[in-house]
Amino acid sequence: MILVGKLSAEVLVVAPHDKHHGVWVGRPHHISNVSPSKMPKVVLHAGKWGTVGSVVEWHYVVDGKVYVTKGVVEAINEENKTITYRAIEGDILQEYKSFKVIIQSIPKGEATWIHWTLEYEKLNKNIPHPIKLLEFVIHLSEELDDHLVQA
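Residues numbered from 1 in each chain as written. Predicted model: local features only at pLDDT ≥ 70, side-chain atom pairs only at ≥ 80, totals over all residues. Heavy atoms only, no water.

If you trace the 7 strands from one edge of the open sheet to the other, you get E1-E7-E6-E5-E4-E3-E2, paired in antiparallel fashion. Lying at the two open borders of the sheet, with one neighbouring strand each, are strand E1 (4-13) and strand E2 (41-46). On average, each strand axis in the sheet is tilted by 25 degrees relative to the strand beside it, whichever way the strands run. As paired strands, E2 and strand E3 (residues 55-62) are joined by 5 bridges and run antiparallel to one another. From the neighbouring strand, Lys41 faces E3, where its bridge partner is His59. Packing of helix H1 (residues 17-26) onto the sheet brings it into contact with E1, E3, strand E4 (65-77), strand E5 (82-90), strand E6 (96-108) and strand E7 (111-122), and relative to E6 it is tilted by some 155 degrees. (Pairing = 2+ DSSP bridges. Helix = DSSP H or I, 4+ residues; strand = E, 2+ residues; numbered from the N terminus. Axes fitted to C-alpha atoms, helices over the stretch in contact; angles between N-to-C directions. Contact = heavy atoms within 4.5 Å.)

For the rest of this paragraph, the subject is helix H3 (residues 131-150). Counting along an α-helix, one turn takes 3.6 residues, and residues three or four places apart therefore face a common direction. Between the first and last C-alpha of H3 there are 29 Å, a value that for 20 residues agrees with the 28 Å anticipated at 1.5 Å per step. Within the span of H3, buried status applies to Leu133, Leu134, Phe136, Val137, Leu140, Ser141, Leu144, Asp145 and Leu148. (Expected span 1.5 Å × (residues − 1). Buried < 20%, exposed > 50% of the residue type's maximum accessible area, 1.4 Å probe, protein only.)

All we've got here are geometric facts, nothing functional implied.
See the structure below:
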């Protein structure tokens, strides 16, 4: 049984790609202001916002349940507008041996594709693929976009 997986999704949004990338890289704590019901708290634990090696604690709500996960910024690529977070402790590691989230903001004319990739290794075959989490980040992207367009 293969326990390693990768899920990807893209959502088309209106705000410019650099605005979306700027939030995920340098101001992820602002997301809790934009969508407190989905992400009530984002805390920097080590390092500086927008730098590789920084540790960020994410408090998020999926299906009414609050989860907390710490992730390290593993990579930032300004040319490709990509950031990679890797889980290092917390709720997500109760089901997954490893978990990475890669967010890329891709210009598409006057719009932007937000491309999400979840890379993971399940602890066992009974653990579900993180489809609900993928749906969660798609909706979060849409809420962030609504905010960025109004700002």
